[in-house]
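# Commentary on secondary and tertiary structure
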Amino acid sequence: MRTRHETCAPSCSCREGARSFSLGKTFALWGFIAVIMGLAPISQAETVLLNVSFDVSRKLFQEINPAFVAHWKAQSGEQIEIKQSHGGSSKQARAVIDGLKADVVTLNQATDINSIAERGKLLPQNWQSLLPNNSAPYSSPILFLVRKGNPKGIKDWDDLVKPGISVVVPNPKTSGNGRYSYLAAYAYALKAFSQDEAKAKDFVRKLFKNVPVLDTGGRGATTTFAERAIGDVLLTFEAEIFLTIRELGADKFEAVSPSQSIEAEMPVAVVQKVASQHKTEKLARSYLEFLYTEEAQEIIAKNHYRPRAGTVAAKHAGQFPKLNLVTVDEIFGGWAKVQKVHFAEGGVFDQIQSANR
């Protein structure tokens, strides 16, 4: 039996295809030999680290990551790549629990990392003791952002419950700065009403009655206020406020410091179960330790977060407004209690939202 090519005419393109295929194999063989002999470079896969972070930290890590990559290269000779994932802090924590393969998390509230430890079983429950300052290398309190000239005369929390004031704040169920904003308002009301829980709850209800939309994350809330021109005041982290003014113009917005706010620590942790699978434990820990170095703390201050390292914090103290700050622990008894009382299904926040419908 003859093959197909044996039945073709001498000028048939099938013969040309066969010759081309043969030449292709020859070139491929020479390419392989060139690689083996060192005449062509062999690409090496870079180690990749995934940092799952909160919504408004994009700019910060756009500067932190290249600095750490250079630091690690100088220290180890290894070229690495750092990838980022951003979203509302609580939403990001749930994504990690549900399978997002984070080597490290850099979130904005301890309760989110606690849930990764407790529900996800992905890191030890004593994670806060593994790095300095309760594993929080920087912080950023809640401030107000208003339009230039402050046309509604907003100066303190009392102004946010007035009729006709439109307040933009991210959803406390999905966003860390939404949660801190809620708690800052609640703490102010407790002080104003001599620890009367019913009056404090009603104060916060009135505030959220003035909220036209609850974005899932801080950056979405900023977009709603600054770019979509919705609302009279935005509640968010100090860092996000000064970044917005820097990027969009001091001729459009200004910051307002209330009489009292809440300290928002930004905790970090190695997701040990994932880092072990990826064989990135040493790299992941070094990445988080780098956040405490003078180099990184300077970047942190440049991006309007409050550094925790003593010398850098003292150097930049003048760039941050002096505030009367309370903490979650002293006012609310810690994050575990806050989650149970305020943000669990049927908790105080759900009750407030139901009353406002």
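Analysis parameters
- Residues numbered from 1 in each chain as written.
- Predicted model: local features only at pLDDT ≥ 70, side-chain atom pairs only at ≥ 80, totals over all residues.
- Heavy atoms only, no water.
- Helix = DSSP H or I, 4+ residues; strand = E, 2+ residues; numbered from the N terminus.
- Buried < 20%, exposed > 50% of the residue type's maximum accessible area, 1.4 Å probe, protein only.
- Contact = heavy atoms within 4.5 Å.
- Salt bridge = Lys/Arg side-chain N within 4 Å of Asp/Glu carboxyl O.
- 1 Å grid on protein atoms, 1.4 Å probe; cavity = no way out; pocket = protein on both sides within 12 Å on 5 of 7 lines; lining within 4 Å.
- Points joined across faces, edges and corners; volume = space filled by probe spheres on them.
- Nonpolar A, V, L, I, M, F, W, Y, C, P; charged D, E, K, R; others polar.
- Pairing = 2+ DSSP bridges.
- Phe/Tyr/Trp six-rings, centres within 6.5 Å; stacked < 30°, edge-to-face > 60°.
- Lys NZ or Arg CZ within 6 Å of the ring centre and 35° of its normal.
- pLDDT = per-residue confidence, 0-100.
- Axes fitted to C-alpha atoms, helices over the stretch in contact; angles between N-to-C directions.
- Parallel < 35°, antiparallel > 145°, perpendicular 65-115°, else oblique.

## Concerning the environment of Leu 207
You can see Leu 207 is positioned in helix α7 (residues 197-209). Judged by relative accessible area, Leu 207 falls into the buried class, the value being 1%. Here the alpha-carbon distance between Leu 207 and Tyr 182, two residues 25 residues apart in the chain, equals 9.2 Å. Once residues within four sequence positions are removed from consideration, Leu 207 is found in contact with Trp 157, Leu 160, Val 161, Val 167 and Ala 185.

## Quick look at the pattern of salt bridges
Applying the stated criterion across every chain yields a total of 16 salt bridges. Here Lys 173 ties to Glu 345 by a salt bridge, and the two come within 3.6 Å at their closest N and O atoms. One end of the pair, Lys 173, is in the loop between β6 (167-168) and α6 (176-192); the other, Glu 345, is in the loop between α15 (335-343) and α16 (348-356), with 172 residues separating them in the sequence. For Lys 173, a relative accessible area of 19% corresponds to the buried category. For Glu 345, a relative accessible area of 74% translates into the label exposed. One network of salt bridges, in which partners are shared, links Lys 173, Glu 345 and Asp 350.

## Details of empty space enclosed by the protein
Within the structure shown, the criterion is met by two cavities of 30 Å³ or more. As a volume, the largest cavity reaches approximately 50 Å³. Broken down by element, the lining of the largest cavity gets its largest block of residues, four residues, from helix α9 (residues 238-248). Class assignment for the residues of the lining of the largest cavity results in five nonpolar, one polar and three charged. If you add up the space inside the second largest cavity, you get close to 40 Å³. Contributing to the lining of the second largest cavity are Phe 54, Asp 55, Val 56, Gly 87, Gly 88, Ser 89, Asn 108, Ser 175, Gly 176, Asn 177, Gly 218 and Phe 237. Within the lining of the second largest cavity, the residues separate by chemical class into three nonpolar, eight polar and one charged.

## Examining helix α4 (residues 110-118)
With eight of nine residues buried, α4 lies mostly within the body of the structure. Among all positions in α4, only Ala 110, Thr 111, Asp 112, Ile 113, Asn 114, Ser 115, Ile 116 and Ala 117 are buried. On its buried face, α4 is in contact with α3 (89-97), β3 (104-106), α6, β11 (268-270) and α15.

## Description of the sheet that holds strand β7 (residues 233-237)
Pairing is mixed across the open sheet formed by four strands, whose spatial order is β6-β7-β5-β8. Each edge of the open sheet is held by one strand with a lone partner, namely β6 and β8 (253-256). As paired elements, strand β5 (residues 142-147) and β8 share four bridges and run antiparallel to each other. Within β8, the position partnered with Arg 147 by the bridge is Phe 253.

## Let's talk about the packing of aromatic side chains
Using the criterion set out here, one finds 18 aromatic pairs in the structure. Clustering of aromatic rings is evident, with ring pairs tying together Phe 54, Tyr 138, Tyr 180, Phe 237, Tyr 305 and Trp 335. The ring of Phe 225 is capped by Arg 147, whose NZ or CZ atom sits 4.0 Å from the centre of that ring. Sitting over the face of the ring of Phe 343, Arg 179 holds its NZ or CZ atom 4.4 Å from the ring centroid.

## A few points about unusual backbone geometry
Positive phi outside glycine occurs at Gln 195, with the angle close to 70 degrees. Inspection of the secondary structure assignment puts Gln 195 in the loop between α6 and α7. Here Gln 195 falls in the exposed class, since its relative accessible area comes to 54%. A positive phi angle is found at Ala 229, which is not glycine, with a value near 60 degrees. Locating Ala 229 in the fold gives a position in the loop between α8 (218-227) and β7.

## Some details on the confidence of the model for the chain
Chain-level statistics for the chain give a pLDDT mean of 89 and a share of 87% at 70 or above. Per-residue pLDDT stays below 50 along residues 1-43; that stretch engages in 13 contacts with residues further than four places along the chain or on separate chains.

## Structural notes on the packing of α6 against α15
Interaxial distance between α6 and α15 falls to 13 Å at its minimum, and their mutual angle equals 85 degrees. On the basis of their axis angle, the class for α6 and α15 is roughly perpendicular. Packed against α6, whose contacting residues are Arg 179, Tyr 180, Tyr 182, Leu 183 and Tyr 186, the element α15 presents Trp 335, Val 338, Gln 339, His 342 and Phe 343 at the interface. Of the residues that constitute the contact of α6 with α15, the class distribution is seven nonpolar, two polar and one charged.

## Regarding α16
Within α16 the residues assigned to the buried category are Val 348, Phe 349, Asp 350, Ile 352, Gln 353 and Asn 356. Buried residues along α16 sit in contact with α6, α7 and α15.

## Regarding the sheet that holds strand β1 (residues 47-54)
Spatially, the four strands line up as an open sheet ordered β2-β1-β3-β11, and their pairing is mixed. Both edges of this open sheet fall to β2 (80-87) and β11, since each of them pairs with a single strand only. Averaged over all adjacent pairs, the angle separating strand axes in this sheet is 20 degrees, with direction ignored. Relative to β11, β3 is paired through three bridges, and the arrangement is antiparallel. The residue bridging Thr 106 from the neighbouring strand is Val 268, located in β11.

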